[in-house]
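As a plain string of letters, each chain reads:
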Amino acid sequence: MNCRDLRPLLARYVDGEVEGYEQTLIQQHLMSCKTCAAAVSELKMARQRVQREIKNWAASAVPPATARERLLAKLAAEKDTPVQTVRPDKPFSKHFSGAALLTRMIWVGLLVIIIIAALIFILSMSKAS
Ligand SMILES: [Zn+2]
(Lines give C-alpha, C1' and ligand atoms only; values in the text may rest on other atoms or scores of the structure.)
Protein backbone atom coordinates (compact mmCIF):
# COMPACT_ATOMS: atom_id res chain seq x y z
CA MET A 1 0.00 0.00 0.00
CA ASN A 2 1.31 3.44 -0.88
CA CYS A 3 0.38 6.96 0.29
CA ARG A 4 -2.10 7.50 -2.56
CA ASP A 5 -3.92 4.23 -1.74
CA LEU A 6 -4.04 5.08 1.94
CA ARG A 7 -5.37 8.67 1.87
CA PRO A 8 -9.02 7.82 1.04
CA LEU A 9 -9.03 5.22 3.85
CA LEU A 10 -7.58 7.41 6.61
CA ALA A 11 -10.84 8.78 8.02
CA ARG A 12 -12.39 5.30 8.11
CA TYR A 13 -9.23 3.95 9.72
CA VAL A 14 -9.27 6.64 12.43
CA ASP A 15 -12.97 5.93 13.06
CA GLY A 16 -12.15 2.24 13.58
CA GLU A 17 -14.14 1.15 10.53
CA VAL A 18 -11.27 -0.67 8.80
CA GLU A 19 -10.66 -4.29 9.76
CA GLY A 20 -8.67 -7.38 8.84
CA TYR A 21 -6.19 -7.41 5.99
CA GLU A 22 -6.87 -3.79 5.02
CA GLN A 23 -6.15 -2.67 8.60
CA THR A 24 -2.89 -4.65 8.62
CA LEU A 25 -1.78 -3.03 5.34
CA ILE A 26 -2.52 0.44 6.70
CA GLN A 27 -0.65 -0.23 9.94
CA GLN A 28 2.36 -1.55 8.04
CA HIS A 29 2.40 1.58 5.86
CA LEU A 30 2.05 3.89 8.86
CA MET A 31 5.13 2.28 10.50
CA SER A 32 7.25 3.14 7.45
CA CYS A 33 5.72 6.49 6.35
CA LYS A 34 6.04 9.49 8.65
CA THR A 35 3.82 11.68 6.43
CA CYS A 36 0.81 9.35 6.64
CA ALA A 37 1.45 8.66 10.35
CA ALA A 38 1.35 12.44 10.95
CA ALA A 39 -1.90 12.70 8.96
CA VAL A 40 -3.43 9.94 11.12
CA SER A 41 -2.44 11.65 14.36
CA GLU A 42 -3.81 14.97 13.08
CA LEU A 43 -7.11 13.30 12.23
CA LYS A 44 -7.23 11.65 15.66
CA MET A 45 -6.63 14.97 17.40
CA ALA A 46 -9.28 16.70 15.29
CA ARG A 47 -11.72 13.91 16.12
CA GLN A 48 -11.00 14.25 19.86
CA ARG A 49 -11.39 18.03 19.66
CA VAL A 50 -14.80 17.68 18.00
CA GLN A 51 -15.92 15.12 20.59
CA ARG A 52 -14.78 17.41 23.41
CA GLU A 53 -16.61 20.39 21.89
CA ILE A 54 -19.81 18.40 21.49
CA LYS A 55 -19.59 17.19 25.11
CA ASN A 56 -19.01 20.74 26.39
CA TRP A 57 -21.84 22.10 24.29
CA ALA A 58 -24.22 19.36 25.50
CA ALA A 59 -23.21 19.89 29.13
CA SER A 60 -23.80 23.63 28.96
CA ALA A 61 -27.01 23.44 26.94
CA VAL A 62 -29.93 24.97 28.85
CA PRO A 63 -33.49 23.91 28.05
CA PRO A 64 -36.08 26.66 27.45
CA ALA A 65 -37.66 28.13 30.59
CA THR A 66 -41.09 26.67 29.77
CA ALA A 67 -39.77 23.17 29.07
CA ARG A 68 -40.22 21.96 32.66
CA GLU A 69 -43.86 23.12 32.87
CA ARG A 70 -44.68 21.58 29.48
CA LEU A 71 -43.10 18.27 30.50
CA LEU A 72 -44.97 18.19 33.82
CA ALA A 73 -48.26 19.02 32.06
CA LYS A 74 -47.73 16.20 29.57
CA LEU A 75 -46.89 13.74 32.34
CA ALA A 76 -50.01 14.77 34.26
CA ALA A 77 -52.15 14.34 31.13
CA GLU A 78 -50.70 10.88 30.52
CA LYS A 79 -51.34 9.94 34.15
CA ASP A 80 -55.06 10.74 33.71
CA THR A 81 -55.31 8.68 30.52
CA PRO A 82 -56.31 5.09 31.29
CA VAL A 83 -53.71 2.61 30.19
CA GLN A 84 -55.01 -0.10 27.88
CA THR A 85 -53.49 -3.41 28.75
CA VAL A 86 -53.53 -6.46 26.54
CA ARG A 87 -52.95 -9.88 28.00
CA PRO A 88 -49.84 -11.24 26.29
CA ASP A 89 -51.27 -14.78 26.02
CA LYS A 90 -54.37 -13.49 24.17
CA PRO A 91 -53.51 -10.40 22.17
CA PHE A 92 -56.35 -8.09 21.11
CA SER A 93 -55.98 -9.01 17.46
CA LYS A 94 -56.62 -12.70 18.21
CA HIS A 95 -60.16 -11.90 19.41
CA PHE A 96 -61.04 -10.15 16.18
CA SER A 97 -59.23 -11.84 13.36
CA GLY A 98 -59.69 -14.51 10.74
CA ALA A 99 -61.71 -17.62 11.52
CA ALA A 100 -62.53 -16.59 15.08
CA LEU A 101 -64.17 -13.38 13.86
CA LEU A 102 -66.13 -15.26 11.18
CA THR A 103 -67.36 -17.81 13.73
CA ARG A 104 -68.49 -15.04 16.11
CA MET A 105 -70.27 -13.21 13.29
CA ILE A 106 -72.12 -16.40 12.30
CA TRP A 107 -73.20 -17.00 15.91
CA VAL A 108 -74.37 -13.41 16.33
CA GLY A 109 -76.24 -13.62 13.01
CA LEU A 110 -77.98 -16.85 14.05
CA LEU A 111 -78.92 -15.31 17.40
CA VAL A 112 -80.43 -12.26 15.66
CA ILE A 113 -82.41 -14.50 13.25
CA ILE A 114 -83.74 -16.60 16.18
CA ILE A 115 -84.79 -13.46 18.10
CA ILE A 116 -86.55 -12.01 15.03
CA ALA A 117 -88.28 -15.33 14.34
CA ALA A 118 -89.40 -15.52 17.97
CA LEU A 119 -90.75 -11.95 17.83
CA ILE A 120 -92.64 -12.68 14.60
CA PHE A 121 -94.04 -15.88 16.13
CA ILE A 122 -95.12 -14.06 19.30
CA LEU A 123 -96.72 -11.23 17.33
CA SER A 124 -98.61 -13.60 15.03
CA MET A 125 -99.87 -15.62 18.02
CA SER A 126 -101.10 -12.48 19.77
CA LYS A 127 -102.91 -11.30 16.58
CA ALA A 128 -104.50 -14.71 16.08
CA SER A 129 -106.04 -14.75 19.54
ZN1 LIG B 1 2.30 7.32 3.27
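Residues numbered from 1 in each chain as written. Predicted model: local features only at pLDDT ≥ 70, side-chain atom pairs only at ≥ 80, totals over all residues.

1. As for the overall build of the protein
Thought 1: Broken down by element type, the protein carries 7 helices and 0 strands.
Thought 2: Start at the N end of the protein and walk to the C end: the helices and strands fall as α-α-α-α-α-α-α.
Thought 3: Relative to its full complement of 129 residues, the protein shows a buried share of 2%. (Helix = DSSP H or I, 4+ residues; strand = E, 2+ residues; numbered from the N terminus. Buried ≥ 20, exposed ≤ 12 C-beta atoms within 10 Å, placed from the backbone.)

2. As for the environment of V14
Thought 1: Along the chain, V14 falls in helix α2 (residues 10-14).
Thought 2: Separated by 29 residues in the primary sequence, V14 and L43 have C-alpha atoms spaced 7.0 Å apart.
Thought 3: If we skip the residues at most four places from it in the chain, V14 touches V40, L43, K44 and R47. (Contact = placed C-beta atoms within 7 Å.)

3. Details of the confidence of the model for the protein
Thought 1: For the protein, per-residue confidence averages 86 on the pLDDT scale, and residues scoring 70 or more make up 88% of the total.
Thought 2: Ranking the elements of the protein by mean pLDDT puts helix α6 (residues 92-95) last, at 56, and helix α3 (residues 20-32) first, at 95. (pLDDT = per-residue confidence, 0-100.)

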